[in-house]
Amino acid sequence: MNQSTLFFLVLLAMFLGILFFNLYQRNTTKEVHKCPKCDSLDVIEVDHQTVDSRTVIPSGGGSPAGGDVRLQLDMKLFLRCKSCGHGFQTKTTRTY
Ligand SMILES: [Zn+2]
């Protein structure tokens, strides 16, 4: 293996790393649900139920006096796949 091949592989590894990082970030900010039956991402929320709720104070940043208190909800989601019609449930945590 010569040096330019090695350089190319390093670049490729970095590129893939950034790509996966972006995908991961996207998944944490936007909820993506996948149908367990057909793996389709074309899933709609038909209903939801709040299982638990609590208030959280985000750490880091903001004044110590606070005021930045968020409501965090544990929710049960009722989802339906638009591709195959399969209905399923999942749990999620939402912060408001
Ligand atoms: Zn499906």
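Scroll up for the structure.
Residues numbered from 1 in each chain as written. Predicted model: local features only at pLDDT ≥ 70, side-chain atom pairs only at ≥ 80, totals over all residues. Heavy atoms only, no water.

1. A look at the overall build of the protein
Link 1 in the chain: Helices and strands together make up the secondary structure of the protein, namely one helix and three strands.
Link 2 in the chain: When the helices and strands of the protein are listed from N to C terminus, the series reads α-β-β-β.
Link 3 in the chain: Residue burial in the protein is summarised as follows: out of 96 residues, 14% are buried.
Link 4 in the chain: Of the accessible surface of the protein, which amounts to about 7,700 Å², a share of 57% is contributed by carbon and sulfur atoms. (Helix = DSSP H or I, 4+ residues; strand = E, 2+ residues; numbered from the N terminus. Buried < 20%, exposed > 50% of the residue type's maximum accessible area, 1.4 Å probe, protein only. Areas by Shrake-Rupley, 256 points an atom, 1.4 Å probe, with all protein chains shown as cover.)

2. A few points about the environment of His-86
Link 1 in the chain: As for its position among the elements, His-86 is in the loop between β2 (70–81) and β3 (87–95).
Link 2 in the chain: Each C-alpha atom, one on His-86 and one on Pro-36, is 8.5 Å from the other, the two residues being 50 residues apart in sequence.

3. Observations concerning the coordination of the zinc ion
Link 1 in the chain: Donor atoms from the polypeptide that coordinate the zinc ion comprise Cys-35 (SG), Cys-38 (SG), Cys-81 (SG) and Cys-84 (SG), at 2.3 to 2.4 Å from the metal.
Link 2 in the chain: For the zinc ion, the four donor atoms in the first shell make angles of 106 to 114° at the metal, so the coordination geometry reads as tetrahedral.
Link 3 in the chain: Positions of the donor residues of the zinc ion along the chain correspond to the pattern C-x2-C-x42-C-x2-C.
Link 4 in the chain: Cys-35 gets classed as buried once you look at its relative accessible area, which sits at 0%. (Donors = N, O, S within 2.8 Å, 3.2 Å for Na, K, Ca; no water. Tetrahedral: all angles 85-135°; square planar, octahedral: opposite > 155°, others 65-115°.)

4. Considerations on the nonpolar core
When a protein is soluble and globular, its nonpolar side chains tend to lie buried together.
Link 1 in the chain: Cys-35, Val-43, Leu-73, Met-75, Leu-77, Leu-79, Cys-81 and Phe-88 together form the largest nonpolar core, which totals eight residues.
Link 2 in the chain: In terms of residue count, the dominant contributor to this core is β2 (five residues).
Link 3 in the chain: Look past the residues within four positions of Leu-73 in its chain and what remains in contact with it is Thr-50, Asp-52, Ser-53, Thr-92, Thr-93, Arg-94 and Tyr-96. (Core = buried A, V, L, I, M, F, W, Y, C linked by side-chain atoms within 4.5 Å. Contact = heavy atoms within 4.5 Å.)

5. Some words on the pairing of β3
Link 1 in the chain: The pairing of β2 with β3 spans nine bridges and is classified as antiparallel. Bridge pairing in β3 places Arg-80 opposite Gly-87. (Pairing = 2+ DSSP bridges.)

6. Remarks on the pattern of salt bridges
Link 1 in the chain: In the structure shown here, the tally under the stated rule is four salt bridges.
Link 2 in the chain: We note a salt bridge from Lys-82 to Asp-42, for which the minimum N-O separation is 3.9 Å. Pair noted here: Lys-82 is in the loop between β2 and β3 and Asp-42 is in the loop between α1 (3–29) and β1 (43–56), with a separation of 40 residues, a long-range link.
Link 3 in the chain: Lys-82 sits in the exposed class, given a relative accessible area of 54%.
Link 4 in the chain: Between Arg-94 and Glu-45 there is a salt bridge, with its nearest N and O atoms 2.9 Å apart. Highlighted residues: Arg-94 in strand β3 and Glu-45 in strand β1, separated in sequence by 49 residues.
Link 5 in the chain: Of the residues examined, Arg-94 reaches a relative accessible area of 18% and is grouped as buried. (Salt bridge = Lys/Arg side-chain N within 4 Å of Asp/Glu carboxyl O.)

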